[in-house]
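If you want the building blocks of each chain, they are given just below.
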Amino acid sequence: MKNVFRLVLLCLFCAPAWAVIPIQHWTHASGARVYLVASPSIPMLDVQIDFDGGSRRDPADRAGLASATASMVSMVSAGVAAQGAQPALDENALSEAWVDLGAQLSVSAGLDRFSVSLRTLTEPDLLERSLALAARQLASPAWPEAVWLRDRQRWLAALKEAETRPGTHAGRAFAQAVYGDHPYGREVTATTLDAISVGDMRGFYRRHAAACRAQIVMVGAVDRTMAGRIADRLVAALSPHGCEPLPAVAEVSPLSSAVERRIPFDAAQAQVLIGQPGHRRNDPDFFPLFVGNYILGGGGFVSRLTTEVREKRGLSYSAYSYFAPGLHAGAFQLGLSTRPDQADQAVQVAREVVRRFVADGPTEAELRAAKDYLVNGFALRFDSNRKLLDNVANIAWNGLPLDYLESWTRRVEAVTTADIRRAFARVLQPERMVTVVVGAKP
């Protein structure tokens, strides 16, 4: 088994980048949407199943429910319940089963998605056994209350430790101010964790991990026929969950005015966050915003923010900005840390950089340099099965065209300075941003 994995790792590093990536797509009889990229050069299969079950679906008084549910389904320590003639598997038996297969199953929850990931070799016997074990774990998680109580204590300890860091306070205040009552801004606390029961997790899992709404993405050494069989196995494990309709989630409200939060904190560095609601992932101006932000603050030491804040004034080691688009308008966020006595100056400089960029856009030289970097580094975005899987899952989840990867460089090259200026002026309002400063000296 070890020799096989050495071969796989070697292949991952020597495989050439794909010039064309054909994505096959079909709808399963259950309603699940299936996407396949056949990659026969590596004897491996990566599978990701996504559901509309991220933290935006958490009840307000049980923030953290999606993540807690994912943890309990994923953890080998939770085991698998008995199913038909198959006996229950405790922590040791389940862990040994996955180790013996050389395969991995993980479950996670983000803002929008509840995701199941499986990685396995495609040797027929190993593939069959890995699929069987994955289907068991998805169909019959054990939900032991003792494990949840133990896991909750670890989570509570982590929350308590996080309170000692200024970044925690900055991030919390920023999210609350940017998102308001929207689920994107909900905070996991000791109170919300204490309110979560095993029954809540079981109900959340059955309601959201529904075959009818599943999105199944496969990348690896399987053909269309085998991919269909794999989808059948995984869907069958989830079909008993039914297909309960889900309520709509409200959109993020724009800010009506500027918001400023100053939070005292005894720390060597003041934490500064500036931003506001940004855009959805399917925004038609995604590429002008993406390329423009590389120039503004996404390009590391070559960005305008770093030039003005670090190079010219020495106010911070680095400054950054990014958009976090999702099914709803994720935040535009600018961040830096600085000496407490320099916080006001750093805020003023950062605000001015954003204001000028929104008003004037980039120069032609800045745009050319950004395009060269992004286009030349594009192949690194999918130079492994895992990265390619992430990209295809992103295409599927956001309803992007199937030729998205093939057209990516062309769409980057097509962005103009006028496009960036127009898109930033539409999405950002520098006079109505949130500013959070934690730890500055008065």
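For every chain, the first residue of its written sequence is number 1, and the numbers climb from 1 along that sequence. The predicted origin of the model limits local features to residues at a pLDDT of at least 70 and limits the giving and counting of side-chain atom pairs to 80 or more, whereas totals for whole chains, interfaces and linings rest on all residues. To get the side-chain values, take all heavy atoms of the structure and skip hydrogens and water.

(A) Main features of the overall build of the protein. The secondary structure listing takes helices from DSSP runs of H or I that are at least 4 residues long and strands from runs of E that are at least 2 residues long, numbered from the N terminus. When helices and strands are tallied, the protein shows 16 helices and 11 strands. Our radius of gyration is a C-alpha quantity, and the globule rule it is checked against amounts to 2.2 Å times the number of residues to the power 0.38. Here the C-alpha atoms of the protein give a radius of gyration of 24 Å, agreeing with the 22 Å that 2.2 N^0.38 yields for 442 residues. Looking at the protein alone, contacts between residues at least 24 apart form 81% of all its contacts between residues at least 6 apart. Note on areas: Shrake-Rupley with a 1.4 Å probe; residue coverage comes only from the protein chains shown. Taken as a whole, the protein presents about 19,600 Å² of accessible surface, with 54% of it coming from carbon and sulfur. Any two residues having at least one pair of non-hydrogen atoms within 4.5 Å are treated as being in contact.

(B) A look at the sheet that holds strand S1 (residues 24–27). Any two strands are treated as partners once DSSP identifies two or more bridges connecting them. Sheet architecture is open: 6 strands sit in the order S1-S2-S6-S3-S5-S4, paired in mixed fashion. The strands lining the two open edges of the sheet, one partner per strand, are S1 and strand S4 (104–109). In this sheet, neighbouring strand axes are inclined to one another by 15° on average, regardless of whether the strands run parallel or antiparallel. An axis is simply a line fitted to the C-alpha atoms; with a helix, the fit covers only the stretch in contact. Between two such axes, the angle follows the N-to-C directions and lies from 0 to 180 degrees. Each of strand S2 (33–38), strand S3 (44–52), strand S5 (113–121) and strand S6 (215–220) touches helix H14 (residues 385–397); the most contacted strand, S3, lies at about 30° to it.

(C) The arrangement of the pattern of salt bridges in detail. Salt bridge, as used here: a side-chain nitrogen of Lys or Arg that lies within 4 Å of a carboxyl oxygen of Asp or Glu. Here the structure, examined in full by the defined rule, presents 33 salt bridges. Taking the shortest distance from any N to any O, the salt bridge between Arg62 and Asp200 comes out at 2.9 Å. Highlighted residues: Arg62 in the loop between S3 and helix H2 (65–74) and Asp200 in helix H8 (residues 198–208), separated in sequence by 138 residues. One salt bridge in this structure joins Arg368 and Glu413, with 3.2 Å as the shortest N-O distance. Taken together, the positions of Arg368 in helix H13 (residues 364–376) and Glu413 in helix H15 (residues 404–413) put the pair 45 residues apart, joining distant regions of the chain. What emerges from the salt-bridge pattern is a single network uniting Asp283, Asp285, Asp419, Arg422 and Arg426.

(D) Spotlight on the nonpolar core. Here, the term nonpolar core denotes a set of buried Ala, Val, Leu, Ile, Met, Phe, Trp, Tyr and Cys residues that are joined through side-chain atoms within 4.5 Å. For every residue, the accessible area obtained with a 1.4 Å probe (protein chains only) is divided by the maximum for its type, and the residue is called buried under 20%, exposed over 50%, and partly exposed between those limits. Core analysis: the biggest nonpolar cluster contains 58 residues, and Ile49, Trp98, Leu138, Met201, Ile216 and Met218 have the highest contact counts within it. Ile216 has contacts with Ala32, Arg33, Val34, Tyr35, Val47, Gln48, Ile49, Ala231 and Val235, leaving out every residue within four places of it along the chain. Val219, Val347, Ala370 and Ala393 belong to the second largest nonpolar core, which has 57 residues in total.

(E) Just helix H5 (residues 145–162), in detail. The span you would expect from a helix comes to 1.5 Å times its residue count less one. With 18 residues, H5 extends 25 Å between its outermost C-alpha atoms, agreeing within 8% with the 26 Å of an ideal straight helix rising 1.5 Å per residue. Within the sequence span of H5, burial applies to Val147, Trp148, Asp151, Arg152, Leu156 and Ala162. Next to the buried residues of H5 lie H2, helix H6 (166–179), helix H7 (190–194) and H8.

(F) Main features of unusual backbone geometry. Phi is positive for Trp143, close to 55°, though the residue is something other than glycine. Relative to the elements of secondary structure, Trp143 occurs in the loop between helix H4 (124–139) and H5. Its relative accessible area of 8% is what places Trp143 among the buried residues.

(G) Structural detail: the packing of H4 against helix H9 (residues 224–238). At their nearest, the axes of H4 and H9 sit 7 Å apart, and the two run at 25° to each other. In terms of orientation, H4 lies roughly parallel with respect to H9. The element H4 and its partner H9 pack so that their crossing is right-handed. Packed against H4, whose contacting residues are Leu127, Glu128, Leu131, Ala132, Ala135, Leu138 and Ala139, the element H9 presents Met226, Ile230, Arg233, Leu234, Ala237 and Leu238 at the interface. Note that Gly is not counted as nonpolar here; it falls among the polar residues with everything else outside the nonpolar set of Ala, Val, Leu, Ile, Met, Phe, Trp, Tyr, Cys and Pro and the charged set of Asp, Glu, Lys and Arg. Its residues assigned to classes, the contact of H4 with H9 comprises 11 nonpolar, no polar and 2 charged. Our angle categories are set so that under 35 degrees counts as roughly parallel, over 145 as roughly antiparallel, 65 to 115 as roughly perpendicular, and the remainder as oblique. Each helix crossing is assigned a hand: it is left-handed if the near helix lies turned anticlockwise from the far helix by less than a right angle, otherwise right-handed if that turn is clockwise.

(H) A look at the UniProt feature "domain: Peptidase M16 C-terminal" (unreviewed entry) in the protein. UniProt positions are given in the numbering used here, feature names are shortened, and annotations may be inferred rather than shown by experiment. According to UniProt, the feature "domain: Peptidase M16 C-terminal" (unreviewed entry) maps to residues 196–372 in the numbering used here. For residues 196–372, the end-to-end C-alpha separation is 49 Å, with 42% helix and 18% strand making up the annotated structure.

(I) Local environment of the packing of aromatic side chains. The criterion for an aromatic pair is that two Phe, Tyr or Trp rings (for Trp, the six-membered ring) have centres within 6.5 Å, with stacked assigned to planes under 30 degrees apart, edge-to-face to planes over 60 apart and tilted to the rest. As enumerated under the stated definition, the model contains 17 aromatic pairs in all. When the ring of Tyr320 is compared with that of Tyr322, the centres are 5.9 Å apart and the planes differ by 10°; the resulting orientation is stacked. Under the relative-accessibility criterion, Tyr320 is labelled partly exposed at 33%. Seen from their ring centres, Phe378 and Trp408 are 4.6 Å apart, and the 15° between their planes marks the pair as stacked. Note that Phe378 is positioned in the loop between H13 and H14 and Trp408 in helix H15, a separation of 30 residues in sequence. A connected cluster of aromatic rings, assembled from ring pairs, spans Phe286, Phe287, Phe290, Phe378, Phe382, Tyr404 and Trp408.

(J) Just the sheet that holds strand S8 (residues 270–277), in detail. An order of S7-S11-S8-S10-S9 is seen for the 5 strands of this open sheet, with the pairing classed as mixed. Where the open sheet ends on each side, the last strands, each with one partner, are strand S7 (259–263) and strand S9 (319–323). Looking at each pair of strands side by side, their axes are set apart by 10° on average, direction ignored. As judged from the 5 bridges shared by S9 and strand S10 (residues 331–338), these two strands associate in the antiparallel manner. From the neighbouring strand, Tyr322 faces S10, where its bridge partner is Gln333. Across the sheet, H6 touches S7, S8, S10 and strand S11 (434–438), and the angle it forms with S8 is around 20°.

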